[in-house]
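# Notes for the structure review
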Amino acid sequence: MKRILNTETIKYLGEKVKVCGWVNTRRDHGGIIFLDLRDRTGLLQVVCSPELVKDIKEEFVLEIEGTIQKRPLKMKNEEIKTGEIELKAEKVKILAQAAVLPFDYLSKTADLKLPTFLDYRPLMIRDPKIKAIFKVGEISTNSFKNTLRNLDFTEFQSPSIVPAVAEGGAEVFHINYYKYDAFLAQSPQLYKQIMIGAFERVFTVAHVFRAEPSVTTRHLAEYISLDAEVAFIESWEELMDICEIIMKNVFSDLKKNCSQELALYQAAVPTLTVKIPRLKMREAQKIIFERTGQDHRKEPDLTPEDEKEICQFAKEKYGSELIFITHYPIKKRPFYTLADPEDQEFTLSFDLLYQGLEIATGGQRIHQYETLVKNIKKWGNKPKDFAFYLQAFEYGLPPEGGFAFGLERIVKQVLGLKNIREATPFSRDMERIDQRLSLKKKHGKKP
Ligand code: AMO
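Quick notes on the rules
- Residues numbered from 1 in each chain as written.
- Predicted model: local features only at pLDDT ≥ 70, side-chain atom pairs only at ≥ 80, totals over all residues.
- Heavy atoms only, no water.
- Pairing = 2+ DSSP bridges.
- Helix = DSSP H or I, 4+ residues; strand = E, 2+ residues; numbered from the N terminus.
- UniProt positions renumbered as here; feature names shortened; annotations may be inferred.
- Buried < 20%, exposed > 50% of the residue type's maximum accessible area, 1.4 Å probe, protein only.
- Contact = heavy atoms within 4.5 Å.

## Observations regarding the sheet that holds strand β10 (residues 201–209)
Across the sheet, eight strands lie side by side as β6-β10-β11-β18-β17-β16-β13-β12; this open sheet has mixed pairing. A single partner strand is all that each edge strand has here, and the edge strands are β6 (154–155) and β12 (278–280). Sheet analysis places β10 next to strand β11 (residues 222–231), joined by nine bridges and oriented antiparallel. The partner of Val208 across the bridge, within β11, is Tyr223.

## Quick notes on the pairing of strand β5 (residues 85–96)
Of the strand pairs in this sheet, strand β3 (residues 42–48) and β5 are connected by two bridges, and their pairing is parallel. Bridge pairing in β5 links Val46 to Leu87. Sheet topology places strand β4 (residues 61–70) next to β5; ten bridges connect them, and they run antiparallel. Looking at β5, one finds that Glu63 is bridged to Lys93.

## Structural notes on the UniProt feature "binding site: L-aspartate" (unreviewed entry) in the chain
With numbering aligned to this structure, UniProt lists the feature "binding site: L-aspartate" (unreviewed entry) at Glu167, Arg210, Thr361 and Arg365. Looking at the element boundaries, Glu167 is found in the loop between β7 (161–162) and β8 (174–177). Here Glu167 falls in the partly exposed class, since its relative accessible area comes to 21%. The residues touching Glu167, leaving out its near neighbours within four places in the chain, are Gln186, Ser187, Gln189, Arg210, Pro334 and Tyr336. When its relative accessible area of 5% is taken as the criterion, Arg365 is described as buried.

## A look at the sheet that holds strand β9 (residues 180–184)
Taken in spatial order, the three strands line up as β7-β9-β8 in an open sheet, and their pairing is antiparallel. The two strands at the open ends of the sheet, each matched to only one other strand, are β7 and β8. As paired elements, β7 and β9 share two bridges and run antiparallel to each other. Looking at β9, one finds that Ile161 is bridged to Leu184.

This is the structure in structure tokens:
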């Protein structure tokens, strides 16, 4: 007999079927045992005689044959798709045993602390509430890709091992590359710019690496960067228009495909009916000063508190959960960013904030070879280290710009997670690579 999925069983009333999955819960009612069997589609109640499932415990992996029958009226469960039927087990085969669970993870996740969640990731991802996080990540990524494909963008693969630092030197992982120095890519920036020389419009979904110097609720050491780059822009504002379309589609795709997952977090995804407001950074600082008395008007960047405050302002004034902050100072942006021709101290760049957190950055780039070489030097770098990248400009690239979203930041904000480490299945941060780093041996120490 061929295995069918749990949710398919509702079509087989009165028939014999074979299902496979994990024991989600086991309830002993004297002469009768109820198992909730979990597979990728959901739960199925299985009724068994005690001798059929004698030593079977939670998380055992089973193959069960039996007959689908209607549940007695008072045993119906409207919360699951198979709530009107059950499987009467006739044959049970153990495919894998499971050790005794360290805790009752399926019903007690609210009581657990973040390090426990992460220490027990291989087990915890089975909890529907945890699994939901990564479904939201998958749908958001697909939405980003599909939106750009529909706008005639081409996907490319960006390298992770790079010879030069694109986004500034402090947060970079050095690696030994044979006998040479190399780095883990902080972003696909230089490569997406090179690729527009062939495709004009490109995107990539890349693993990127940042040696963040402190533990925060917003930073990972490895995250997913949703990057795009566009040639022949007439105005850098076109980039914000594209970001707006992306977020509109992400939200509507999540509503369409993740209603159950969102419900588990009571997450209300906004509908982007209004245009996302756009505000210069200096204007934002002025508004924050007027609202809070905090005078950051000469600071080169917004603080995390400023970002929260200006989002609150956008919500109150424009009814928008998102806001673009533009014109960041030139000294806070990487060497490739184009200065504002009307005020060279600032740049044609933007951040997109969502419910108090930056989720994307973008802007117009310097596309003139000579200016770019000058800027690389001005930023304290050697043009020869960027010779490969510069080749693209030496042989002509049009006016262009792009942007990147941090996937885990989108997921964190959509679901209202407290810490970005919850939003990635396998957190890489200052404290952990799978295991907590304090449990690992340091360089040079023999195991
Ligand atoms: P930036 O450095 O601002 O810009 O990064 C882009 C977006 O990536 C996310 N992000 C992070 N997410 C998790 N952990 C981190 N350590 C982390 N650092 C950044 C944020 C941020 O908005 N090359 C430019 C983009 C461009 O101009 O095209 C860049 O990388 O959501």
